[in-house]
Amino acid sequence: MVKDGTRLRFRPVVAELPPGPATGSATNRQSTDPAEQQAAAAALDCAKGPDPLDGRDDPALPLVSCDRVQGTKYLLGPAFLTGADLSRTNAQVDPRSAGSIIELSFTTAGAKTWADWTAANVGKQVAMVLKSRVLTAPTIQSAITGGETQISGKFTLPEARELARDIAGG
């Protein structure tokens, strides 16, 4: 079950930037100015914690953020869904591969928004952001209708369970 859906945000990935050393101070990570966004990305130190925004980012504005595991930097668009639009998360072994998957079930309203967004964004990434940090940024393979979706990747079952717990807010 989803415990606290208010902290999770789904944001489109506008750009993915390779990890690299910080080159200054990441002062305006929510600017709408492309030059400020690039400067914030260059200045952001993904290895440094905790994140000064720590969940206080404005969901209506872009966000420069990092992946929590690999340190990849992202420029993200405004949020279009929250964890409140999820009804359930689950991790399990993928019966078609040796890996694991995370299953997400959406509320009725969330399923409609997700279906519309995925139909318009096949081949693009979506970031699931918790406390201003990217948990995962999978690529949309096809339009996803019906209110159920899966995240696949090179996850061990314990990693998939941890990610499902994080997505669920808890």
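Above: the structure in question.
Definitions and cut-offs
Residue indices follow the written sequence of each chain, beginning from 1 at its first position. pLDDT decides what is reported in this predicted model: residues at 70 or higher carry local features, side-chain atom pairs at 80 or more are listed and counted, and totals for whole chains, interfaces and linings draw on all residues regardless. Calculation of side-chain values draws on the structure's entire complement of heavy atoms; hydrogens and water are dropped beforehand. Secondary structure follows DSSP: runs of H or I at least 4 residues long count as helices, runs of E at least 2 residues long count as strands, and numbering of each begins at the N terminus. As defined in this context, the radius of gyration uses C-alpha atoms, and a globule is described by 2.2 Å times the residue total to the power 0.38. Buried residues are those whose accessible area, probed at 1.4 Å on protein chains only, stays under 20% of the maximum for their type, while exposed residues exceed 50% and partly exposed ones sit between those limits. Residue contacts are defined here by distance: any two heavy atoms, one from each residue, within 4.5 Å place the two residues in contact. We get accessible surface area from the Shrake-Rupley algorithm with a probe of 1.4 Å; when it comes to residues, only the shown protein chains can shield them. Charged residues are defined narrowly, with Lys and Arg counted positive, Asp and Glu counted negative, and His plus the chain ends left uncounted. Where a charge sits is defined by one atom per residue type, namely NZ (Lys), CZ (Arg), CG (Asp) or CD (Glu). A pair of strands counts as paired when DSSP detects no fewer than two bridges linking them. We call two N or O atoms a polar contact when they sit within 3.5 Å, provided that within protein one can donate a hydrogen and the other can accept it, with sequence-adjacent residues counted only if both atoms are side-chain atoms.

1. Describing the overall build of the protein chain
Along its length, the protein chain carries three helices and nine strands. If you list the helices and strands of the protein chain from N to C, you get β-α-β-β-β-β-β-α-β-β-β-α. In terms of overall dimensions, the protein chain is globule-like: its C-alpha atoms have a radius of gyration of 16 Å, near the 15 Å expected for 170 residues. Principal axes of the C-alpha set define a box for the protein chain whose edges measure 45 × 30 × 30 Å. Looking at the protein chain as a whole, 48% of its 170 residues qualify as buried. Here the contacts in the protein chain between residues at least 6 apart in sequence split such that 67% fall between residues at least 24 apart. For the protein chain, the exposed area adds up to about 8,500 Å²; of that, 54% sits on carbon and sulfur atoms. Put simply, the protein chain has 18 plus and 18 minus side-chain charges, and the middle of one group is 3 Å from the middle of the other.

2. Digging into the pairing of strand β6 (residues 100-106)
In terms of burial, β6 is a largely internal element, seven of the seven residues being buried. Side chains S100, I102, L104 and F106 of β6 all project onto a buried face; the interleaved residues I101, E103 and S105 project onto the opposite face, where all are buried too. Sheet analysis places strand β5 (residues 86-93) next to β6, joined by seven bridges and oriented antiparallel. Bridging from a neighbouring strand, N90 pairs with E103 of β6.

3. Quick word on the side chain of T89
Locating T89 in the fold gives a position in strand β5. In this structure T89 comes out as buried when scored by relative accessible area, which is 12%. A polar contact of 3.2 Å, which involves the side chain of T89, links it to the backbone oxygen of A164.

4. Structural notes on unusual backbone geometry
Residue K131 is not a glycine yet carries a positive backbone phi of 55°. Relative to the helices and strands, K131 is located in the loop between β7 (126-130) and β8 (133-136). Even without glycine at this site, S132 takes up a positive phi of about 70°. Topologically, S132 is positioned in the loop between β7 and β8.

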